[in-house]
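Residue-level listing of the chains:
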Amino acid sequence: MTWLHNEVLEGEFVKLEPLAERHVTDLQQAVADGESWKLWYAMVPTVEEMPAYVQAALAGKVKGDAPYVVRCKTTGQIVGTSRYYMVDAANKRALIGYTWYAESVRRTPINTEAKLLLLQNLFERHGAIAVEFRTHFFNQTSRKAIERLGAKMDGILRQHMILKDGSVRDTVVYSIIAAEWPTVRRHLLSKLGRD
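Residues numbered from 1 in each chain as written. Predicted model: local features only at pLDDT ≥ 70, side-chain atom pairs only at ≥ 80, totals over all residues. Heavy atoms only, no water.

**Q** Just checking my understanding: could you explain the nonpolar core for this structure?
**A** Among soluble globular proteins, nonpolar side chains are generally buried collectively. With 38 residues, the main nonpolar core has Tyr84, Leu119, Leu122 and Phe133 as its most contacted residues. Among the elements that line this core, the one with the most residues is helix α3 (residues 109-126), at 8 residues. Leaving out residues up to four positions away in the same chain, tyrosine 84 has contacts with Leu4, Leu9, Asp65, Ala66, Tyr68, Leu95, Ile96, Leu117, Leu118, Asn121 and Leu122. Of all hydrophobic cores here, the second largest spans 16 residues; its members include Leu27, Ala30, Tyr41 and Met50. (Core = buried A, V, L, I, M, F, W, Y, C linked by side-chain atoms within 4.5 Å. Buried < 20%, exposed > 50% of the residue type's maximum accessible area, 1.4 Å probe, protein only. Helix = DSSP H or I, 4+ residues; strand = E, 2+ residues; numbered from the N terminus. Contact = heavy atoms within 4.5 Å.)

**Q** Is there a simple way to explain the pairing of strand β7 (residues 152-162) in this structure?
**A** Each regular strand carries side chains that alternate between the two faces of the sheet. The pairing of β7 with strand β8 (residues 168-177) spans 7 bridges and is antiparallel. From the neighbouring strand, lysine 152 faces β8, where its bridge partner is serine 175. Linkage of β7 to β8, two consecutive antiparallel strands, is achieved through a turn of 5 residues, within which glycine 166 is found at a positive phi near 95°. (Pairing = 2+ DSSP bridges.)

**Q** Looking at this structure, how should I read the pairing of strand β2 (residues 14-18)?
**A** As paired strands, strand β1 (residues 9-10) and β2 are joined by 2 bridges and run antiparallel to one another. Residue pairing across strands places glutamate 10 opposite lysine 15, the latter belonging to β2. Between β1 and β2, which follow one another and run antiparallel, lie 3 residues.

**Q** Sorry if this is basic, but what is going on with the packing of aromatic side chains here?
**A** Working definition: an aromatic ring pair is given by the centre-to-centre distance plus the angle between the planes. Enumeration over the complete set of coordinates arrives at 4 aromatic pairs. Ring geometry for tyrosine 68 and tyrosine 84: centres 6.2 Å apart, planes at 80°, overall edge-to-face. Taken together, the residues tyrosine 68 in strand β3 (residues 66-72) and tyrosine 84 in strand β4 (residues 78-88) connect sequence positions 16 residues apart. For tyrosine 68, a relative accessible area of 1% puts it in the buried group. (Phe/Tyr/Trp six-rings, centres within 6.5 Å; stacked < 30°, edge-to-face > 60°.)

**Q** What exactly am I supposed to notice about the sheet that holds strand β5 (residues 93-101) here?
**A** Pairing between sheet strands relies on hydrogen bonds along the backbone, with the strands arranged either parallel or antiparallel. Read across the open sheet, the 8 strands follow the order β1-β2-β3-β4-β5-β6-β8-β7; overall the sheet is mixed. Two strands close off the open sheet at either side, each with one partner strand: β1 and β7. Direction of pairing for β4 relative to β5: antiparallel, over a ladder of 6 bridges. By the bridge assignment for β5, glycine 80 is matched with tyrosine 101.

**Q** So what exactly am I meant to see when it comes to the side chain of glutamate 17 here?
**A** Tracing the backbone through its elements, the reader meets glutamate 17 in strand β2. Discounting residues that sit within four places of it in the chain, glutamate 17 has contacts with His23, Pro67, Tyr68, Val69 and Arg71.

Read these as layout, nothing more, since geometry by itself doesn't imply function.
This is the structure in structure tokens:
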């Protein structure tokens with residue numbers, strides 16, 4: 001039985017829609033805005049890699065993953081992706097990641113509200129005890145964004161992953177536990193001007 005259901009999550013600024021093959025072209029346009037794949041420490045697909053990226057994300061649904069596209073409600077455009085992955089239903093835990101956005105929506109409420117929706121769904125609808133975030137040790141932008149959410153660093157998995165360029169990634173692990181969620185929720189609502 002699937003613990004997390006891949007269903008629409010909607011807020012004021014974003015609509016998270018279950019990823020589907022039909023989103024490939026829109027995601028190619030989004031990823032071309034900013035060319036994030038050029039950051040050596042980021043695991044963002046190129047325009048050409050997008051069909052395989054979407055296929056891999058959809059294949060993860062068999063294991064309980066729940067991939068989303070992020071749609072900006074102001075423009076109606078798909079501006080990035082995020083997903084629940086490494087879902088551990090028995091222990092009521094999941095990771096949130098594979099998150100990237102078009103350059104045009106960075107430093108806007110998009111990511112804050114998308115994370116609020118994902119966290120709210122995990123903790124309030126599914127009774128999660130913890131959520132985890134992981135990023136490259138050298139990805140300072142991602143680390144700061146995760147810390148701004150209110151997540152705490154658990155540690156560093158050294159020599160954790162071999163990347164497609166052959167380099168080896170040290171992975172920084174962060175988490176939010178259920179007892180922290182009410183404060184994190186209030187913090188995120190405040191950032192969105194809803195306190």
